[in-house]
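What follows is each chain in one-letter form.
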Amino acid sequence: QVQLVESGGGLVQAGGSLRLSCAASARTFSSYAVGWFRQASRKEREFVAAVSRSGSRTLYADSVKGRFTISRDSSGNTVYLQMNSLKPEDTAVYSCAADRARMPTSGANEYESWGQGTQVTVSS
């Protein structure tokens with residue numbers, strides 16, 4: 001289990017950008033694959049993006065391909081979600097999650113540790 005803390009959410013106009021961060025200790029966090037999920041009001045939680053332990057492999061939901069980029073810094077202690085060309089339908093609480101597996105996965109039930117979430121609101 002690893003403690004995760006998200007930051008970077010806020011209010012942005014459609015077409016704008018935000019960068020979310022997911023931070024934990026380098027000693028533990030670098031050993032986990034990390035995913036981003038989001039849940040809009042009264043909707044199901046959905047997968048957004050995930051990255052492997054090394055940062056070399058990534059997965060994206062079709063709805064964000066070409067707009068969002070997931071990455072992790074060289075130390076492995078911070079994972080980022082760069083969100084460009086934001087749309088009102090991207091509005092949701094975004095959470096990061098950690099998985100002991102080397103490879104990223106889109107399945108929420110595979111992740112064992114979750115952050116508290118950060119609100120992203122995109123106005124039209």
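Just so it is clear, the structure is predicted and the values come from calculations on it, not from any experiment.

With phi around 60°, R42 is a residue other than glycine that occupies positive phi space. Tracing the backbone through its elements, the reader meets R42 in the loop between strand 4 (33-39) and strand 5 (46-51).

This paragraph deals with the state of the cysteines. Under the defined criterion, the tally for this structure stands at 1 disulfide. Note that C22 is cross-linked by a disulfide to C96, the S-S spacing being 2.1 Å. Because the sign of the S-S torsion sets the handedness, a value of about 70° for the bond joining C22 and C96 places this disulfide among the right-handed ones. Taken together, the positions of C22 in strand 3 (residues 18-23) and C96 in strand 9 (residues 92-99) put the pair 74 residues apart, joining distant regions of the chain. For the pair shown, C22 and C96 are each scored as buried.

As a further point, take the side chain of S95. Assignment of secondary structure puts S95 in strand 9. Ignoring anything within four residues of it in the chain, the contact list for S95 reads E6, G35, W36, F37, W114, G115 and G117.

This part is about the nonpolar core. If you look at the biggest cluster of nonpolar residues, it comprises 33 residues, and the most contacted ones within it are F29, W36, L81, M83 and Y94. The set of elements that each furnish at least two residues to this core consists of strand 3, strand 4, strand 5, strand 7 (68-72), strand 8 (78-83), strand 9 and strand 11 (118-123). Apart from residues lying up to four places away in sequence, F29 is in contact with V2, L4, C22, A24, V34, R72, G76, N77, T78, V79 and A98.

In spatial order, the strands read 1-3-8-7; together these 4 strands make up an open sheet with antiparallel pairing. Of all strands in the sheet, those bounded by a partner on one side alone are strand 1 (5-7) and strand 7. Sheet twist, expressed as the average angle between the axes of neighbouring strands with direction ignored, equals 15°. Summarising the sheet, strand 7 and strand 8 pair through 5 bridges and their orientation is antiparallel. In the sheet register, R72 faces strand 8, and the bridge partner there is V79.

Cut-offs used in this document
Residues numbered from 1 in each chain as written. Predicted model: local features only at pLDDT ≥ 70, side-chain atom pairs only at ≥ 80, totals over all residues. Heavy atoms only, no water. Helix = DSSP H or I, 4+ residues; strand = E, 2+ residues; numbered from the N terminus. Disulfide = S-S within 2.5 Å. Buried < 20%, exposed > 50% of the residue type's maximum accessible area, 1.4 Å probe, protein only. Contact = heavy atoms within 4.5 Å. Core = buried A, V, L, I, M, F, W, Y, C linked by side-chain atoms within 4.5 Å. Pairing = 2+ DSSP bridges. Axes fitted to C-alpha atoms, helices over the stretch in contact; angles between N-to-C directions.

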